[in-house]
Amino acid sequence: MFCCVKLREIVYLDYAATTPCDSRVLEEMLPYFCDIFGNPNSMHHFGVTALDAVDAARIKVKTLINANFEEVVFTSGATEANKIATIRVMKALRKSAGKQCFITLATEHKSVLDCADYLKRDGVDVELLPVGTDGLLDLNLLADSVKDTTGLLSFCLVNNETGAKQDAKKITEICHERGVLVHTDATQAFGKIQLDVKELGVDFLSASGHKIYGPKGVGVLYCESANARFVRTPGANRDVEFGIRSGTVPIPVCVGMGKAAELALSELSQNLAHVQTLRNRFISGITGQLDEIYINGSPEHNYPGIVNISFRGCEGEAIMMEAKHIAVSSGSACTSNKLTISHALAAMNIPADIAQSSIRTSIGKQTTEAEIDLAIDELVTATKKLRAISPIWDIIQSGSSVDDVFKRRGFQ
Ligand code: PMP
């Protein structure tokens, strides 16, 4: 694809989408491609050496989240972990306990919403709970929504679009008091904020390697020991991932996941403080120069590395095209001539004109102050330029409502 800006001149602010592999992770993985290549299922020396490497990686992951060794299952990523923890658990609960209802949030990642769709088509009673304008789940609503037939709740711990962080401990307490199992998609939280599965009490948790400077193609499913029976595959070899996953374990990426988890743990507070400082610099740099800027998500309960920001009067995609030297994600999309806004922002009841002007920026451990300053300059310049030619901005400036305009333009 033709690109007029050289890649190395672009500031990467999309760490919630993926992260580069840490060179220390790559170094740890390399011997496992050619030198230590055995199949961990083999009984001979090659197999045992490979199994030792997978065990060592599992120990590093379990230490990061305070799980037990046999509660950590390697998967191909968070998508697969989400699928196992929702579809398989619901199927098992339906069969064993007649539980017919699955609850999740309207703001979930697509990988969970897809599972909810599948379950619905399979006859499960699926409930998508709305959230507040800050992206947080109302705990009273949760308590009222749980029925006798509810088997499982799945919620995203840190939302991938807004960074809003749910109160996992309280959510789990409410569910457990009512006999409901809990899965959390912790993909954007794992290795970034302190996580203790025993303290949170969750039954299942999903995570991914490539969001924490590990390799792509590997993730983790935490299954609390007593509930592992709900996710075992009938006929699977109990020696492979405790009967939860089949096939040959991909050793290099598991080793990489282990190393990434180890590094995440040792650098967690330092990285968290770093992204918090840069978030503050970024937000104040923008709001100091522009009016009508909105930060979508919870100001108090969030992971600071994700900043969903609306530049009212401009379309998110237009900003992305104008600000060529930064790589961010858009909250809106233009498909088949129809403008749609992010399902997450829509579920938060963010007004359409604010939602469609949003971009998601995400800060990582490698982000520098200079990069943030460059992003501020690019975004301020882009916004001024776009607002100067924006009829929506004129309407906003005149104090009139833009709701009608947006309805007529077919925003969903
Ligand atoms: N859940 C969330 C919240 C995510 O952000 C992502 C990645 N975008 C996933 C699940 C899927 O992760 P993976 O790429 O490891 O399948």
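Predicted model only: the values in this text are computed from it and were never measured.

Enquirer: Can you break down the environment of H210 residue by residue, with the values?
Expert: Mapped onto the elements of the fold, H210 is located in the loop between β7 (204-208) and β8 (219-223). Spatially, the C-alpha atoms of H210 and D22 are 9.9 Å apart, while their sequence positions differ by 188 residues.

Enquirer: I'd like a description of the pairing of strand β2 (residues 72-75), backed by residues and values.
Expert: Along β2, one buried face is formed by V72 and F74 and the opposite face, lined by V73 and T75, is buried too. Pairing analysis gives 4 bridges linking β2 to β8, with the strands arranged antiparallel. Along β8, the bridge assignment pairs T75 with G219.

Enquirer: Which residues make up the site of the ligand, and what values do they have?
Expert: Around the ligand there are 14 residues in total, and T79, D185, Q188, S208 and K211 lie nearest to it. Between the ligand and the protein, one listed contact pairs an oxygen atom with a side-chain N or O atom of T79 at 2.6 Å. Between the ligand and S208 there is a distance of 2.6 Å, counted from an oxygen atom to a side-chain nitrogen or oxygen. Isolated, the ligand exposes 400 Å² of accessible area, and the fraction of that covered by the protein chains is 84%. The dominant element in the shell around the ligand, judged by the number of residues it contributes, is helix α4 (residues 78-97), at 3 residues. Partitioning the shell around the ligand into residue classes produces 2 nonpolar, 10 polar and 2 charged.

Enquirer: Account for the packing of α4 against helix α5 (residues 110-121), naming residues and giving values.
Expert: Taken N-terminus to C-terminus, the directions of α4 and α5 make an angle of 25 degrees; their axes are 9 Å apart at the nearest point. Between α4 and α5, the angle falls in the class roughly parallel. Handedness of the crossing formed by α4 with α5: right-handed. Side by side, α4 and α5 meet where T79, N82, K83, T86, I87, M90 and K91 of the first sit next to S111, V112, C115, Y118 and L119 of the second. Considered class by class, the residues forming the contact of α4 with α5 number 6 nonpolar, 4 polar and 2 charged.

Enquirer: A description of the domain arrangement of the chain should follow, citing residues and the corresponding values.
Expert: Taken domain by domain, the chain consists of domain 1 (23-264) and domain 2 (268-408). Contact with domain 1, which involves 26 residues of that partner, is made by 22 residues of domain 2. Around 2,100 Å² of area is buried between domain 1 and domain 2 when both sides are counted, 58% of it from carbon and sulfur atoms. Broken down residue by residue, the surface that domain 1 buries against domain 2 is led by E161, T162 and Y213, which jointly contribute 31%. At the surface where domain 1 touches domain 2, the tally comes to 0 salt bridges. Residue classes in the side of domain 1 that touches domain 2 are distributed as 9 nonpolar, 11 polar and 6 charged.

Enquirer: Pulling in residues and values, what's your account of the sheet that holds strand β15 (residues 358-362)?
Expert: Where strands meet in a sheet, backbone hydrogen bonds hold them as pairs that are either parallel or antiparallel. Taking strand neighbours across the sheet as the criterion, the 4 strands line up as β9-β10-β15-β12 in an open arrangement whose pairing is antiparallel. Each of the sheet's edge strands pairs with one partner strand only, and the pair in question is β9 (293-296) and β12 (329-330). Here 4 bridges tie β9 to strand β10 (residues 306-311), and the two strands are oriented antiparallel to one another. The residue of β10 that forms the bridge with N296 is N308. The strands that helix α9 (residues 251-287) touches are β9, β10 and β15; relative to β10, the one it contacts most, it runs at about 5 degrees.

Conventions we followed
Residues numbered from 1 in each chain as written. Predicted model: local features only at pLDDT ≥ 70, side-chain atom pairs only at ≥ 80, totals over all residues. Heavy atoms only, no water. Helix = DSSP H or I, 4+ residues; strand = E, 2+ residues; numbered from the N terminus. Buried < 20%, exposed > 50% of the residue type's maximum accessible area, 1.4 Å probe, protein only. Pairing = 2+ DSSP bridges. Near = heavy atom within 4 Å. Polar contact = N/O pair within 3.5 Å; in protein donor to acceptor, adjacent residues only side chain to side chain. Areas by Shrake-Rupley, 256 points an atom, 1.4 Å probe, with all protein chains shown as cover. Nonpolar A, V, L, I, M, F, W, Y, C, P; charged D, E, K, R; others polar. Axes fitted to C-alpha atoms, helices over the stretch in contact; angles between N-to-C directions. Parallel < 35°, antiparallel > 145°, perpendicular 65-115°, else oblique. Left-handed = near helix turned anticlockwise from the far one by under 90°. Contact = heavy atoms within 4.5 Å. Domains from an automatic or database assignment. Buried area = accessible area lost by both parts, 1.4 Å probe. Salt bridge = Lys/Arg side-chain N within 4 Å of Asp/Glu carboxyl O.

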